[in-house]
Amino acid sequence: MQFSTQMDKSVSPRKDSTVTASNRPVVTLYPNWSEIYRGETITVRCEIHGGDTEWDYEWETNSMIKAPNQNEYRIRSASSSNSGNYRCKGRVKSSQHETTEWSDSVTLTVSDIPSKPTVTLQPSWTQIYSGETVTVRCEIQGGEGAQWTYEWRAAKLNTPPTSNEYRIIRATESDSGGYSCRGRRDYFFSEWSDIITLTVSPSSSSSGWKYYWYRDEKSSEALTTQDAVFHSNGQISVSQEGLYRCRGGRGNPVYYTEDSQSVRIGKTGEFKVNEPQITTFDGN
């Protein structure tokens with residue numbers, strides 16, 4: 001559901017033979033959400049600022065629900081019948097012939113409840129190795145514009161976050177387990193997502209990683225066997241001076257780490273990655 005403040009073309013102003021007061025009312029919504037769903041609660045309020053005048057209130061709406069003659073009313077357990085345009089004006093209690101102008105209208109639309117959330121991983125691996133980093137994210141399709149607070153059921157979260165994602169940095173085997181989430185707005189809850197299971201295995205020298213080496217800061221082309229000798233332990237031997245850097249890649253499609261810091265080689269050398277720094281060795 002979205003609502004916006006605009007002049008309502010579908011509701012024509014009434015022609016009153018009364019005197020118009022200078023105060024102009026404003027229709028507000030509380031909470032001031034940009035989206036609302038079936039079953040939620042929202043308050044529509046008519047506010048007239050300035051002075052100590054006591055007012056009676058009049059509403060016009062093309063909603064199927066008739067608005068009361070009060071300055072506000074609460075829509076409980078909203079349904080599609082509450083969708084419509086709302087505007088109001090005030091009438092001075094001591095002089096029923098003196099009214100304000102009509103407020104601008106607010107359009108209220110009640111939408112269906114979004115589908116249950118989905119937990120995703122970035123990178124999208126359900127098996128990682130100790131020391132790696134993964135981001136766990138809660139996504140609610142159809143509820144992107146809503147202001148959600150998130151609840152998590154997680155393997156190793158003593159104090160779960162309230163945001164839609166969190167990072168597991170330098171994962172350990174204790175991070176293994178099931179992760180699920182749901183969204184909350186005030187007293188409204190989405191369903192719990194399906195559980196996604198993350199497995200953290202002890203790291204090994206192989207761990208599925210490949211190393212990509214680059215020479216010079218602006219180069220985006222990885223070195224090939226024509227540029228260097230590649231060793232199985234991650235080292236390379238080079239015969240050309242320059243700035244060298246590397247990054248790791250794993251998976252299909254390949255997920256890349258950030259680039260390491262660059263190291264300048266001033267003579268023939270051999271160097272290797274040392275997570276994530278580069279350690280250099282003099283060559284002979």
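Above this text is the structure in question.
Residues numbered from 1 in each chain as written. Predicted model: local features only at pLDDT ≥ 70, side-chain atom pairs only at ≥ 80, totals over all residues. Heavy atoms only, no water.

(A) Spatial organisation of the pattern of salt bridges. Across all of its chains, the model carries 13 salt bridges by this definition. Residues Arg184 and Glu151 are paired through a salt bridge, measuring 3.8 Å at the closest nitrogen-oxygen approach. A residue pair is termed long-range when its members are at least 10 positions apart, and Arg184 in strand E15 (residues 177-185) and Glu151 in strand E13 (residues 149-153) qualify at 33 residues. Between Arg215 and Asp227 there is a salt bridge, and its shortest N-O distance comes to 4.0 Å. Residue Arg215 is located in strand E18 (residues 210-215), and its partner Asp227 is located in the loop between E18 and strand E19 (229-230); the two are separated by 12 residues in the primary sequence. For Arg215, a relative accessible area of 13% puts it in the buried group. Taken together, the shared-partner salt bridges connect Glu151, Arg182 and Arg184 into one network. (Salt bridge = Lys/Arg side-chain N within 4 Å of Asp/Glu carboxyl O. Helix = DSSP H or I, 4+ residues; strand = E, 2+ residues; numbered from the N terminus. Buried < 20%, exposed > 50% of the residue type's maximum accessible area, 1.4 Å probe, protein only.)

(B) Fine view of the side chain of Arg250. Inspection of the secondary structure assignment puts Arg250 in strand E21 (residues 242-250). Accessibility expressed as a relative area gives 10% for Arg250, which makes it buried. A polar side-chain atom of Arg250 sits 2.9 Å from a polar atom in the side chain of Glu132. (Polar contact = N/O pair within 3.5 Å; in protein donor to acceptor, adjacent residues only side chain to side chain.)

(C) Seen up close, the sheet that holds strand E3 (residues 26-30). Pairing is antiparallel across the open sheet formed by three strands, whose spatial order is E3-E4-E6. Strands at the two margins of the open sheet, each flanked by one partner only, are E3 and strand E6 (72-75). When the angles between neighbouring strand axes are averaged without regard to direction, this sheet yields 20°. In this sheet, E6 lies alongside strand E4 (residues 42-47) in antiparallel orientation, the contact comprising four bridges. Across the sheet, the residue bridging to Val44 is Tyr73, located in E6. (Pairing = 2+ DSSP bridges. Axes fitted to C-alpha atoms, helices over the stretch in contact; angles between N-to-C directions.)

(D) Spatial organisation of the nonpolar core. Counting residues in each nonpolar core, the largest one holds 22 residues, and the members touching the most others are Val136, Trp152, Ile168, Tyr179 and Leu198. If you list the elements that add at least two residues to this core, you get strand E10 (118-122), strand E12 (134-139), E13, strand E14 (165-168), E15 and strand E17 (196-201). Ranked by size, the runner-up nonpolar core spans 20 residues in total, among them Val44, Tyr57, Trp59 and Leu108. (Core = buried A, V, L, I, M, F, W, Y, C linked by side-chain atoms within 4.5 Å.)

(E) Spatial organisation of the environment of Ser79. Relative to the helices and strands, Ser79 is located in the loop between E6 and strand E7 (84-92). In this structure Ser79 comes out as partly exposed when scored by relative accessible area, which is 28%. Taking C-alpha positions, Ser79 is 8.7 Å from Asp112, a pair spaced 33 residues apart along the chain. With sequence-adjacent residues up to four places away left out, Ser79 is seen in contact with Arg38 and Val110. For Ser79, the side chain forms a polar contact with the side chain of Ser81, separated by 2.8 Å. (Contact = heavy atoms within 4.5 Å.)

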